[in-house]
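Below, each chain spelled out in residue letters.
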Amino acid sequence: MRTLISNGLVVTADGSYPADVLVDGETIALVGADLAGRGVTADETIDATGKYVVPGGIDVHTHFELPFGGTVAKDTFESGTKAAAHGGTTTIIDFAAQARGRPLREGLDTWHAKAEGHAVIDFGFHMMMGDVNDGTLAEMDGLVADGVTTFKLFTAYPGVLYSPDDHIFRAMLRSRDNGGLILMHAENGPVIDVIAAALVAAGTTDPIGHGLARYPILEGEATNRVIRLAEAAGVPVYIVHLTSRDALEAVTAARDRGAMAFAETCPQYLFLSLDDLGNGFEGAKYVCSPPLRPKDHQADLWRGLLKGDLQAVGTDHCPFDFHGQKELGRGDFRKIPNGLPAVEDRVDLIHQGGVVEGRLSRERWVEVISTAPAKIFGMYPKKGAIAVGSDADLLVFDPNRKRTISAATHHMAVDYSIFEGFEVQGTSDVVMSRGTVLVRDGAWVGPAGHGRFVRRAPADFVRLA
Ligand SMILES: [Zn+2]
């Protein structure tokens with residue numbers, strides 16, 4: 001099967017130019033001007049006049065079917081990856097969880113079983129390490145060899161996922177030898193728990209307490225600390241879901257002194273704020289960790305994306321229904337399941353807030369939603385590129401078409417939208433994964449179970465820094 005995408009403007013992280021793209025089977029076979037006029041034939045031609053042709057979005061931070069807080073994140077690999085595809089994302093990396101006291105491999109196998117045959121777009125895994133010990137440290141090497149090269153540790157959630165500094169440091173030392181990368185959820189969890197308990201004791205039990213307890217300075221402190229640990233170990237580190245000026249300052253300072261510090265932010269931190277956590281229990285819809293911040297942090301995050309101190313936008317997609325799930329935390333904000341639905345809206349929202357509103361070039365938009373994640377997570381140029389031999393994961397993106405985000409029309413398996421009523425300009429007309437069209441003009445046209453595991457390689461962090 002050969003598909004010719006003609007007359008579009010190819011937009012990559014490096015530049016934009018008018019060109020046709022020939023897809024042969026699962027990969028890109030040719031990129032050039034007027035391919036049809038030069039005798040190139042195809043089984044199907046997609047006219048992209050007036051549209052961008054961009055690499056499919058890569059969301060390196062999702063949680064499908066994750067057990068958390070006595071319940072399970074609503075989206076399955078099927079519903080979640082379908083929603084992602086509707087929103088122009090063609091690859092996700094989900095977090096496999098280690099059950100406490102059990103081998104990493106067992107957790108990874110569980111996640112493979114959840115995804116294989118169900119995911120409709122390509123997927124990789126990070127490993128969440130709940131226990132750092134001699135056994136799990138040794139297991140890391142085998143996971144890296146099997147294409148699971150990234151390990152998430154937490155300075156938050158004491159008693160659940162929390163790792164003390166010496167455990168983090170030992171995992172970092174191991175990654176120095178096996179080429180893996182440590183990802184950090186950086187907030188000072190033990191201190192946050194003290195503040196949260198005091199708030200509840202004083203009668204603040206509504207969701208706003210979640211935002212008030214988790215001070216930005218405690219994200220800044222933990223971010224600086226884990227970067228310093230990485231520097232001491234001589235390894236790169238990647239900060240997941242960075243939310244605040246305080247944490248960004250730590251990353252920026254580290255990069256300025258030559259540390260290999262990388263960080264992502266998420267759409268919710270760029271578009272929403274602490275104000276959304278108010279409004280009584282309605283605020284539970286917006287409970288995630290780290291929390292939404294006062295509005296004045298947003299401009300700093302956008303500037304971080306512009307300047308390159310933030311390299312990527314993921315979503316931390318982890319949806320819970322308002323009715324029946326978020327409600328577990330009525331009367332105590334500490335019991336609200338942490339997480340938001342966002343996987344479907346990331347590509348269009350960053351186009352809106354970045355390109356349409358003049359904060360990022362369209363090339364930088366492509367970089368933060370696709371190319372940089374592909375590079376940092378060892379998938380480039382198979383993913384994140386429009387080049388001969390790359391996977392034909394492509395969007396025909398109409399930069400002018402407008403749509404309104406709503407739970408009534410989204411495809412995520414959750415009963416509300418955090419971006420309800422937001423109007424965005426720019427959305428995908430065609431979403432292609434490895435040469436197969438999955439979504440056309442908003443309708444699902446793809447096969448079931450199309451997604452395939454992406455075996456990732458260790459990245460060259462010295463070059464990326
Ligand atoms: Zn997460």
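Residues numbered from 1 in each chain as written. Predicted model: local features only at pLDDT ≥ 70, side-chain atom pairs only at ≥ 80, totals over all residues. Heavy atoms only, no water.

**Digging into helix α1 (residues 77-86)**
Of all ten residues making up α1, eight are buried, and the element is well covered by its neighbours. Residues of α1 that are buried include every one of Phe-77, Ser-79, Gly-80, Thr-81, Ala-83, Ala-84, Ala-85 and His-86, and no others. Against the buried residues of α1 lie β9 (89-97), α2 (104-115), β10 (122-128), β17 (423-433), β18 (436-440) and β19 (443-444). Looking one or two residues past α1, Gly-88 carries a phi angle of roughly 90 degrees, positive in sign. (Buried < 20%, exposed > 50% of the residue type's maximum accessible area, 1.4 Å probe, protein only. Helix = DSSP H or I, 4+ residues; strand = E, 2+ residues; numbered from the N terminus. Contact = heavy atoms within 4.5 Å.)

**Structural notes on the packing of helix α11 (residues 346-356) against helix α12 (residues 362-376)**
Each pair of packed helices gets described by two things: the angle between the helix axes and the distance between those axes. At a minimum axis separation of 10 Å, α11 and α12 run at an interaxial angle of 145 degrees. For the element pair α11 and α12, the recorded crossing hand is right-handed. Contact residues: α11 offers Arg-346, Val-347, Ile-350, His-351 and Val-355, while α12 offers Arg-362, Trp-365, Val-368 and Ile-369. Tallied by class, residues from the contact of α11 with α12 come to six nonpolar, one polar and two charged. (Axes fitted to C-alpha atoms, helices over the stretch in contact; angles between N-to-C directions. Left-handed = near helix turned anticlockwise from the far one by under 90°. Nonpolar A, V, L, I, M, F, W, Y, C, P; charged D, E, K, R; others polar.)

**Structural notes on the coordination of the zinc ion**
A metal bound by six donors in octahedral fashion has ideal angles of 90 or 180 degrees, whereas one bound by four tetrahedral donors has an ideal angle of 109.5 degrees. His-61 (NE2), His-63 (NE2) and Asp-316 (OD) make up the full set of protein donors to the zinc ion, lying at 2.0 to 2.2 Å. Going along the chain, you hit the donors of the zinc ion in the pattern H-x1-H-x252-D. Of this pair, His-61 sits in strand β6 (residues 57-62) while Asp-316 is found in the loop between β15 (312-313) and α11, placing the two residues 255 residues apart along the sequence. In terms of burial, His-61 and Asp-316 fall into one category: buried. (Donors = N, O, S within 2.8 Å, 3.2 Å for Na, K, Ca; no water.)

**Re the packing of aromatic side chains**
Summed over all chains, the structure comprises 17 aromatic pairs. Taken together, a centroid distance of 5.3 Å and an interplanar angle of 80 degrees make the contact between Phe-64 and Phe-77 edge-to-face. Placement of Phe-64 in the loop between β6 and β7 (67-68) and of Phe-77 in helix α1 is noted, with a sequence separation of 13 residues between them. For the pair Phe-64 and Phe-77, a shared accessibility class is recorded, and that class is buried. Arranged with centres 6.3 Å apart and planes meeting at 65 degrees, the rings of Phe-271 and Phe-422 form a pair that is edge-to-face. Taken together, the residues span a long stretch of sequence, with Phe-271 in helix α9 (residues 267-271) and Phe-422 in the loop between β16 (394-404) and β17 at a distance of 151 residues. Overall, Phe-271 belongs to the buried group, its relative accessible area being 15%. One aromatic cluster is present, formed by Phe-64, Phe-77, Phe-123, Phe-125 and Phe-453 through successive ring pairs. (Phe/Tyr/Trp six-rings, centres within 6.5 Å; stacked < 30°, edge-to-face > 60°.)

**Regarding the pairing of strand β11 (residues 150-154)**
For β11, a buried count of five out of five residues is recorded, marking the element as mostly surrounded by other parts of the structure. Every second residue of β11 is oriented toward a common face, with Thr-150, Lys-152 and Phe-154 on one face and Phe-151 and Leu-153 on the other, all of them buried. In this structure, β10 lies alongside β11, joined through two bridges in parallel fashion. Looking at the pairing, Met-127 lines up with Phe-151 of β11. With respect to chirality, the unit in which β10 leads through helix α3 (residues 134-145) into the neighbouring parallel β11 is right-handed. Bridge count for β11 against strand β12 (residues 181-185) is five bridges, and the pairing is parallel. Within β12, the position partnered with Phe-151 by the bridge is Ile-182. For the crossover that starts at β11, traverses helix α4 (residues 165-178) and ends in the parallel β12, the hand is right-handed. (Pairing = 2+ DSSP bridges. Right-handed = clockwise from strand over helix to strand, strands pointing away.)

**Let's talk about the packing of α4 against helix α7 (residues 216-233)**
Direction vectors running N to C along α4 and α7 enclose 45 degrees, while the axes themselves pass 9 Å from each other. The orientation of α4 with respect to α7, classified from their angle, is oblique. Between α4 and α7 the crossing geometry is right-handed. Residue-level inspection shows Asp-165, Ile-168, Phe-169, Met-172, Leu-173 and Arg-176 of α4 in contact with α7, the latter providing Arg-225, Val-226, Leu-229, Ala-230, Ala-232 and Ala-233. (Parallel < 35°, antiparallel > 145°, perpendicular 65-115°, else oblique.)

**A word on α3**
Within the sequence span of α3, burial applies to Thr-136, Leu-137, Glu-139, Met-140, Leu-143 and Val-144. Seen along its axis, α3 keeps its buried residues to an arc of 160 degrees; they face one direction. Exposed and facing more than 90 degrees away from the buried side of α3 are Asp-134 and Ala-145. Packing partners of the buried residues in α3 comprise α2, β10, β11, α4 and β12. Capping of α3 at its N-terminal end is provided by Asn-133; its side-chain oxygen lies 3.0 Å from the backbone amide nitrogen of Gly-135. Positive backbone phi, approximately 90 degrees, marks Gly-147, located one or two places after α3. (Arc of directions from axis to C-beta. Polar contact = N/O pair within 3.5 Å; in protein donor to acceptor, adjacent residues only side chain to side chain.)

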